[in-house]
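Letter by letter, the chains look like this.
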Amino acid sequence: MMDGLKLGVAGVGTVGSGLLRLLAARKEELAARAGRPIEVVAVSARSRQKNRDADISPFRFVQDPIALATDPAINVFVELIGGEGGAAKRAVEAALASGKHVVTANKALLAHHGPSLAALAEKNRVALNFEAAVAGGIPVVKVIRESLQGNAISRVYGILNGTCNYILTLMEKEGRSFAEILKEAQAQGYAEADPTFDIGGFDTAHKLALLTSLAFGTRTSFESVYVEGIESITPADIEAAGDLGYRIKLLGVALRTESGIEQRVHPTMVPKHTAIAEVDGVSNCVAVDGDFVGDVMLIGLGAGSGPTASAVTSDLIDIARGHILPPFGTNAKALKPYKRAQMRAHEGGYYIRLSVYDRTGAFAAIAGRMADQGISIESIVQRRPGAELPGFNRREESPAFVVLITHQTTEAAIRKALAAIERDGHVDQKPQMIRIEKL
Ligand code: HSE
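Reading the values: rules and limits
- Residues numbered from 1 in each chain as written.
- Predicted model: local features only at pLDDT ≥ 70, side-chain atom pairs only at ≥ 80, totals over all residues.
- Heavy atoms only, no water.
- Buried < 20%, exposed > 50% of the residue type's maximum accessible area, 1.4 Å probe, protein only.
- Helix = DSSP H or I, 4+ residues; strand = E, 2+ residues; numbered from the N terminus.
- Pairing = 2+ DSSP bridges.
- Axes fitted to C-alpha atoms, helices over the stretch in contact; angles between N-to-C directions.
- Parallel < 35°, antiparallel > 145°, perpendicular 65-115°, else oblique.
- Left-handed = near helix turned anticlockwise from the far one by under 90°.
- Contact = heavy atoms within 4.5 Å.
- Nonpolar A, V, L, I, M, F, W, Y, C, P; charged D, E, K, R; others polar.
- Phe/Tyr/Trp six-rings, centres within 6.5 Å; stacked < 30°, edge-to-face > 60°.
- Lys NZ or Arg CZ within 6 Å of the ring centre and 35° of its normal.

Q: Is there a simple way to explain the pairing of strand β9 (residues 246–257) in this structure?
A: The side chains of a regular strand alternate, residue by residue, between the two faces of the sheet. When you tally the buried positions in β9, you get nine out of 12 residues, the bulk of the element. The pairing of strand β7 (residues 153–159) with β9 spans four bridges and is classified as antiparallel. Residue pairing in the sheet places Val 156 in a bridge with Ala 254 of β9. Of the strand pairs in this sheet, β9 and strand β10 (residues 260–271) are connected by 12 bridges, and their pairing is antiparallel. Directly across from Arg 256, in β10, lies its bridge partner Ile 261.

Below, the structure is given as structure tokens:
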């Protein structure tokens, strides 16, 4: 057997602990599958003593991750520190520059610095593998980078954040508010103490930026992702969506259009009968539309110790087998500049919920504003007499929910129509607008 992989593992949190446990439990099988032993030589962590699910005492402890990245005793640096810059970035750069292969789960780092890190890896003829960075245990990087290479991909999309999917699933099942479920999820440790990255859509946007680059052969462009989180979704929206045959999911979507690539993250209405609508709880899914293969969908766990350790291990086995590919599937120099399609040009159907004063002419005015923008309405329902809402006693001033579904239109037209409806003074709240994804 050839020389083994000698790993330096930086960061021993959830992912790192899972990896150490997996490597210990599967030592012989992995060596047989990879053709060489895979051995942890040293670890780096913020604290040596911390209680964790894996025992780090058998390994040499190196406090400084950058020193570990260039340690002569290792040939693979596993970066599980996280964060778009700081120690993670310096350590990955140092490892690549000194000819070490790198495996990372760090979506933020790659979404922001993917092209330059890929170029550095290729220059030094080493791997920069990141299967665990996108949808955790779902092997989607490998699928796009290898299995679907024969295809022109027109769209890649998915549910890429388990926390959001868990919250939306519970909101639907239990009819409770976003704030209430988030608080409970935090208390139970499912959601981070600072959940902004998850619920604000940024974690999804990082993963989407990587999928876009893999699918379209373009340079990563995180700053071009249009991002909306799930904070504004109410039980009323979920109920109305359900009645209309839809479910609300936070999707990341990258779509090739005539004017460029749309990258967008937002709450999305998906028809209930579709596979993606059935992806519940903390599960993730990724779908790819290819010209020859058709539609491919992968479903699984996007986070957690086991799924991410599984993904990191597959990256290690590739390196052990000498299977080294350009990080984004296309050589870094050949990655095309990202051409952004403007969000106002986005085309699709829309769900609109308006809290409308229940008075003569309100409906007609709303329909008129839609018609002014050439928007055709597929359905319109007044859902609830406003007298049930607190604070409104006079029937004629009570708001009612009016829910509209539009036919295909543009984002620019919808925004203009909603601005005019607000100006007309028939609504007592900012209109809710949720995009419908064509599936
Ligand atoms: N926090 C993410 C999630 C996993 O909830 O899916 C790591 O990206």
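Now that the structure has been shown, we can carry on.
Q: Would you mind going over helix α11 (residues 235–243) with me for this structure?
A: Helical geometry: 3.6 residues make up each α-helical turn, so side chains three or four residues apart lie on a common side. Among the residues of α11, Ala 236, Asp 237, Ile 238, Ala 240, Ala 241 and Gly 242 are the ones counted as buried. Of the residues trailing α11, Gly 245 is marked for its positive phi of about 90 degrees.

Q: Even after reading the chapter, I still don't get the sheet that holds strand β1 (residues 5–10), so can you show me in this structure?
A: As a general point, the strands of a sheet are linked pairwise by backbone hydrogen bonds and lie either parallel or antiparallel. The six strands are arranged β3-β2-β1-β4-β5-β6 in an open sheet whose pairing can be described as parallel. Every interior strand has two partners, whereas the edge strands, β3 (60–61) and β6 (128–129), have only one. Relative to β3, strand β2 (residues 38–44) is paired through two bridges, and the arrangement is parallel. For Val 43, the partnering residue across the bridge sits in β3 and is Phe 61.

Q: Would you explain the packing of helix α13 (residues 362–372) against helix α14 (residues 411–424) in this entry?
A: The description of two helices packed together rests on the angle between their axes and the distance between the axes. One way to put it is that α13 packs onto α14 with a least axis distance of 9 Å and a crossing angle of 150 degrees. The angle between α13 and α14 places the two elements in the roughly antiparallel class. The element α13 and its partner α14 pack so that their crossing is right-handed. On α14, the residues that touch Ile 366, Arg 369 and Met 370 of α13 are Ala 417, Leu 418, Ala 420, Ile 421 and Asp 424. Here the contact of α13 with α14 is composed, by residue class, of six nonpolar, no polar and two charged.

Q: Honestly, the packing of helix α1 (residues 14–25) against helix α2 (residues 27–34) in this entry has me stumped. Any pointers?
A: Interhelical geometry of α1 versus α2 gives an angle of 80 degrees and a closest axis separation of 5 Å. Accordingly, the angle class assigned to the pair α1 and α2 is roughly perpendicular. Counted together, Leu 22, Leu 23, Ala 24 and Ala 25 of α1 and Lys 27, Glu 29 and Leu 30 of α2 form the full contact between these two elements.

Q: Sorry if this is basic, but what is going on with unusual backbone geometry here?
A: Note on backbone geometry: most residues besides glycine have negative phi, and most peptide bonds are trans. The residue Arg 125 is not glycine, and still its phi comes out positive at about 55 degrees. Looking at where Arg 125 falls in the secondary structure, it is placed in the loop between α5 (107–123) and β6. Although it is not a glycine, Ala 135 adopts a positive phi angle of roughly 60 degrees. On the secondary structure map, Ala 135 appears in the loop between β6 and α6 (140–147).

Q: How should I be thinking about the packing of aromatic side chains in this particular structure?
A: Geometrically, a pair of aromatic rings is defined through the distance of the ring centres and the angle of the planes. Under the definition given, this model contains two aromatic pairs. Where Phe 130 meets Phe 328, the ring centres are 5.3 Å apart and the plane angle is 45 degrees; that geometry is what we call tilted. Separated by 198 residues along the polypeptide, Phe 130 in the loop between β6 and α6 and Phe 328 in the loop between α12 (305–320) and β13 (347–357) bring together distant segments of the chain. When sorted by exposure, Phe 130 lands in the same class as Phe 328, which is buried. Relative to Phe 202, the ring of Phe 197 lies with its centre 6.1 Å away and its plane at 55 degrees, an arrangement referred to as tilted. Residue classification places Phe 197 among the partly exposed residues on the basis of a relative accessible area of 48%. Given a relative accessible area of 32%, Phe 202 falls into the partly exposed group. Lying over the aromatic face of Phe 130, Arg 145 brings its terminal NZ or CZ to 5.7 Å of the ring centre. Over the aromatic face of Phe 401 sits the side chain of Arg 353, whose NZ or CZ is 4.8 Å from the ring centroid.

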